[in-house]
Amino acid sequence: MKKIFIILPLFLSGFLFSQKKPQKHPAKKGTVAKFNYHDEFKKISDEILTNGEAYSNLGELTKGIGPRFSATPGYAKASEWAEKKLKDAGIQNIWKQDVKVPVWIRGKESLQIKSGNGEWKNIRMLSFGNSEGTGGKDLTAELLLVNDMTELNALTSAQLKDKIIFVNSPLDQKVVNTVDAYLITAKSKLLSASVIGKRGAKGLIIRSLTTASDDTPHAKMIYYEPDDRVRIPAITIGVKSADELEKLLKKQKVTAKLNLSAETKGETVNQNIIGEIPGNKDGKVIVLGAQLDSWDFAEGAHDDGSGVVQCIEVLRTLKALGFTNNHTIRVVLYANSENGGQGRDMYASYVKKKDEKHIFALGTDSGGYSPRGFSLDMPPQRRRQIFEWKNYFLPYGIYDFDQTYAIQDIAPLKKLDIPLAELVVDTQRYFDYHHSVEDTFDKVNKRELLLGAVAMTQLIFMIDKNW
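**Student:** Can you lay out helix α15 (residues 446–466) for me, pointing to particular residues and giving the numbers?
**Tutor:** In this model α15 runs 31 Å from its N-terminal to its C-terminal C-alpha over 21 residues, within 8% of the 30 Å that 1.5 Å per residue would give. Extensive coverage of α15 is indicated by the burial of 17 of its 21 residues. Between the side-chain oxygen at the start of α15 and the backbone nitrogen of R447 there is a gap of 3.0 Å, and the oxygen is on N445.

**Student:** Talk me through the pairing of strand β2 (residues 109–115); I want residue IDs and the actual numbers.
**Tutor:** Note that β2 and strand β9 (residues 254–260) share seven bridges and pair antiparallel. Looking at β9, one finds that S115 is bridged to V254. Two strands pair when backbone bridges link them, and β2 and strand β3 (residues 121–123) are joined in this way by three bridges, in the antiparallel orientation. Residue pairing for β3: Q112 is matched across the bridge by N122. Hairpin connection from β2 to β3: five residues lie between these consecutive antiparallel strands, with G116 at a positive phi of about 55 degrees.

**Student:** Break down the sheet that holds strand β14 (residues 371–377) for me, with residues and values.
**Tutor:** Pairing is mixed in the open sheet, where seven strands are placed in the order β1-β10-β12-β11-β13-β15-β14. Each of the sheet's edge strands pairs with one partner strand only, and the pair in question is β1 (93–105) and β14. With direction set aside, neighbouring strand axes in the sheet form an average angle of 20 degrees. Strand direction decides the pairing type here: β1 and strand β10 (residues 263–277), joined by twelve bridges, are antiparallel. Bridged to I94 within β10 is G275. Packing of helix α10 (residues 301–320) onto the sheet brings it into contact with β10, β11 (285–291), β12 (328–334) and β15 (420–425), and relative to β11 it is tilted by some 145 degrees.

**Student:** Outline the side chain of D439, supporting the account with residue identities and numerical values.
**Tutor:** For D439, the position within the fold is in the loop between α14 (430–433) and α15. Despite its burial, D439 pairs with no opposite charge; the closest candidate is R68, at 7.0 Å N-O. Of the polar contacts made by the side chain of D439, one reaches the backbone nitrogen of D303; its length is 3.1 Å. Excluding residues that lie within four positions of it along the chain, D439 makes contacts with E299, G300, A301, H302, D303 and Y433.

**Student:** Please give an account of the nonpolar core that cites residues and values.
**Tutor:** Of all hydrophobic cores here, the largest spans 93 residues; its most connected members are F360 and F374. The greatest single-element share of this core, amounting to eleven residues, is contributed by α15. If near-sequence neighbours (up to four positions away) are discounted, F374 is found in contact with L362, F393, I398, D400, F401, Q403, E422, L423, V424, A455, M456 and L459. If you look at the next biggest cluster of nonpolar residues, it comprises 20 residues, including I123, I164, F166 and L249.

The rules behind each value
Residues numbered from 1 in each chain as written. Predicted model: local features only at pLDDT ≥ 70, side-chain atom pairs only at ≥ 80, totals over all residues. Heavy atoms only, no water. Helix = DSSP H or I, 4+ residues; strand = E, 2+ residues; numbered from the N terminus. Expected span 1.5 Å × (residues − 1). Buried < 20%, exposed > 50% of the residue type's maximum accessible area, 1.4 Å probe, protein only. Polar contact = N/O pair within 3.5 Å; in protein donor to acceptor, adjacent residues only side chain to side chain. Pairing = 2+ DSSP bridges. Axes fitted to C-alpha atoms, helices over the stretch in contact; angles between N-to-C directions. Contact = heavy atoms within 4.5 Å. Lys, Arg positive; Asp, Glu negative; His and termini not counted. Salt bridge = Lys/Arg side-chain N within 4 Å of Asp/Glu carboxyl O. Core = buried A, V, L, I, M, F, W, Y, C linked by side-chain atoms within 4.5 Å.

Remember, this is a structural readout, not a statement about activity or role.
This is the structure in structure tokens:
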């Protein structure tokens, strides 16, 4: 995307940023000088909204590279791209961290159903990530509908034996926070292939965990228990197909035919990509991060290409403004978040082994939508301190500091007593596209994406100056 330069932004940028170091109010004798935080927040916002590169970077990552699943050439290309973008942002301290990741290959896959003496009908589907396949052979069995754990527990082993279990469990539309709705459903044991398999079933089919009402399948990660004697295949289907299938099953017997060539072929090595601006006062670390990988079929624009480019934008902005940081500010772009989480575990292990002092970790993994606040998973005294900064954030639409969870790639750092925060955005559309082929660059709004980077940079600035 070509940049269009006009006189006014150039004049404003020269005026606003001619003073490279953050400005302070003159301190009265006997007092400590304080920053004019309103002014500093405005500088950060102006820089990103006029000169921000996050949107064009996202276009390069999603359209230029495309899917970047772990253990694929796409991920290797994304790693090289991330290193280059960190260098372009003016970062000199860039390094890679080896991560062992599973080599899972989806291969060919299909689902067909038929009722009575009817003909086989193809149903659009996706295998769960890391699912066992059927060896490329047809797995044919009667479908059995189960809606909740009470129903499952009421069935005998004889009733479940050799069946393919179909779970049509929608997200609860009454839950306004879509992340909460997703987590409530995703954590159900009913969606566990291990739970179903131990009861004698041959396979698992679930309704996609999405807020959309179309027929696009949305992928999900599968975990098998170590003591599973048989690891059954698991797949997901779209909402329309799921509802139609349930109606059919209530009327008559339905047979399903699965054919999956999915398989895991050992492990290989990918890298976490890490870039940092060293601290001028000490080596304490403020870390922010996002996942670099996407699903094997997806551009991963919202999940989590947006987070990747926002993290890089934070460092670019701090360098562009000549920010003198007290602590080391580090970005970690994690490998293998979608089908394993080894990247985040490796980074947490590194921090523990090196005994690095981390004072704060910020994650972003909910898409490039309009920012609304930060979820704060930290001791009460730290939460109260951030609450005191609310008035600085309010002009930028940031008001929600009440949530208390920080999930995904920064979560392992909690075990090291590191205060965590996660960017909170408006997620009402996030699960329309999450883990699907619909998560594409055109679904991301440039201004919303940049405003998320603004809020992240402002928070990092405040942490660095006050912690």
